[in-house]
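Geometric and topological summary
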Amino acid sequence: SQQQVKRFSTVTMDQLNVTSNVTFVDSESVIPGVGDNMLVAYVAIMIMALVPIYLGSFQSLQLSQSDKDSREVMSHNDAMMFPLYASASLFSLYLIFKYLGKEYLNYLVTGYFFLLGTAAIASSISPLMHSLVPSSLHGPMYQLRLSEKAKKKDGEEAEEPQETEHFDLKFDYVDMGCAVIGCIFGGWYIMTKHWIANNIFGLAFSISGISMLSVNSFSIGAILLAGLFVYDIFWVFGTEVMVTVAKSFDAPIKVLFPRDFLVNGIHSTNHAMLGLGDIVLPGVIIALLLRFDRSRKPQGSLYFTATFIAYIVGLVTTIAVMHVFKAAQPALLYLSPACTLVPLLTAVVRGETKLLFSYRDEPEEADKPKAE
């Protein structure tokens, strides 16, 4: 059930605010056969970025058609404030790491991400498992629900009580099995902190984030990426904060791959990395464009494909610049323009600019009919 992890997904995205762009592919190394090793690492990092964007986009499309309530919709105000919240969180973490040490915080973060990771993995594999397991084995649907009814001042219930839902968990036997699988991977991550376990969590977070976080219009997405464009440049080029937090924050908020894989295999501890923010945040824009395509044609994918290719070009550019200058790069410096200018130029060429900007997943507050 996608609804069961809506709040987990929201918390995950709030956590990604902290490191939404602790996002660079690191390239320092003195490794035998460094050229071949780094090529393997770069290709692997790119695959781990592209797969969740592709899968998350189509899951987002499915949710938009069947279960809109399971998604968190970002408003114009949310998009404008996102870089500020991310900056405050990032700098707070930097101060904690710098003056209080990272060990105790990372213990707390490990437990926190165990819960989030288990939920994200269960959510990511649940659609596949439900399609593979015969419906006769799904079992009954269980529900755990926590809600609050408004009361009068004297403590009695109002004549027409308003319910506020705090928690709603629906699950069947298949979902239970998915949760067990998530716990197994969570235990592996806690015990070993292995980069493969880290990546399983990271990819699950990315797919869940892209599928469940929605920008309602292209303009909101453009505002979000423009703000993060400035955010990324400032914190990577202007300070040591981003790099310090990225290397100190022991949590699956980045995907990793060994820079010396051909030498040391899976036991390597020398990794290239890419932050989840550079996957999820452009990914929600790409997912929006897929929904825009399908709103016009049942099998349409023009804007989605163009922007997906633009993302690939932006990521390749990030890696190339990083490799040439041997320095951490803010990936959104390249990804933000790619994922906003390409669909915009596509719309201009096709004479569909007004259509692109007027598209909404669902009516905004100003457009909704007012109650009598």
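Residues numbered from 1 in each chain as written. Predicted model: local features only at pLDDT ≥ 70, side-chain atom pairs only at ≥ 80, totals over all residues. Heavy atoms only, no water.

The next thing to look at is the overall build of the chain. A count of helical and extended segments in the chain gives 13 helices and six strands. Within the chain, buried positions represent 49% of all 372 residues. Taking as baseline every contact in the chain between residues at least 6 positions apart, the subset at least 24 positions apart corresponds to 80%. Summed over its atoms, the accessible surface of the chain is roughly 17600 Å², and 64% of this surface lies on carbon and sulfur atoms. (Helix = DSSP H or I, 4+ residues; strand = E, 2+ residues; numbered from the N terminus. Buried < 20%, exposed > 50% of the residue type's maximum accessible area, 1.4 Å probe, protein only. Contact = heavy atoms within 4.5 Å. Areas by Shrake-Rupley, 256 points an atom, 1.4 Å probe, with all protein chains shown as cover.)

Let's shift gears to helix α7 (residues 218–238). Between its first and last C-alpha, α7 extends 29 Å over 21 residues, near the 30 Å set by a 1.5 Å rise per residue. Burial in α7 covers these residues: Phe 218, Ser 219, Ile 220, Gly 221, Leu 224, Leu 225, Leu 228, Tyr 231, Asp 232, Trp 235 and Val 236. (Expected span 1.5 Å × (residues − 1).)

Another aspect to go through is the packing of aromatic side chains. In this description, an aromatic ring pair is defined by two values, namely the gap between the centres and the angle between the planes. Per the stated rule, a full pass over the model turns up 20 aromatic pairs. Feature note: the residues Tyr 112, Phe 113, Tyr 189, Phe 201 and Phe 205 constitute an aromatic cluster, connected by ring pairs. (Phe/Tyr/Trp six-rings, centres within 6.5 Å; stacked < 30°, edge-to-face > 60°.)

So, about unusual backbone geometry. A positive phi angle, close to 55 degrees, is found at Lys 193, a residue other than glycine. Note on placement: Lys 193 falls in the loop between α5 (173–192) and α6 (195–212).

Turning to a nonpolar patch on the surface, a few remarks are in order. Where nonpolar side chains cluster on the molecular surface, the patch consists of Leu 39, Val 43, Ile 47, Val 51, Tyr 54 and Leu 55 and spans about 520 Å² of accessible area. Mapped onto the elements of the fold, Tyr 54 is located in helix α2 (residues 34–66). The exposure class assigned to Tyr 54 is partly exposed, which follows from its relative accessible area of 40%. (Patch = residues over 30% accessible without salt bridge, like charges linked within 9 Å, V, L, I, M, F, W, Y side chains within 5 Å. Salt bridge = Lys/Arg side-chain N within 4 Å of Asp/Glu carboxyl O.)

All right, on to α6 then. Compared with an ideal rise of 1.5 Å per residue, which puts 18 residues at 26 Å, α6 spans 25 Å between its outermost C-alpha atoms and is within 8% of the ideal. Within α6, 15 of the 18 residues are buried, which leaves the element mostly enclosed by the surrounding structure.

A few words now on the packing of α5 against α6. Relative to each other, α5 and α6 sit at 135 degrees, their axes nearing to 9 Å. With respect to α6, the axis of α5 lies oblique. Crossing geometry of α5 relative to α6 is assigned as left-handed. Contact residues: Phe 185, Gly 186, Trp 188 and Tyr 189 in α5; Ile 196, Ala 197, Asn 198, Ile 200 and Phe 201 in α6. Taken together, the residues of the contact of α5 with α6 break down into seven nonpolar, two polar and no charged. (Axes fitted to C-alpha atoms, helices over the stretch in contact; angles between N-to-C directions. Parallel < 35°, antiparallel > 145°, perpendicular 65-115°, else oblique. Left-handed = near helix turned anticlockwise from the far one by under 90°. Nonpolar A, V, L, I, M, F, W, Y, C, P; charged D, E, K, R; others polar.)

Function cannot be read off these values alone, since they describe shape.
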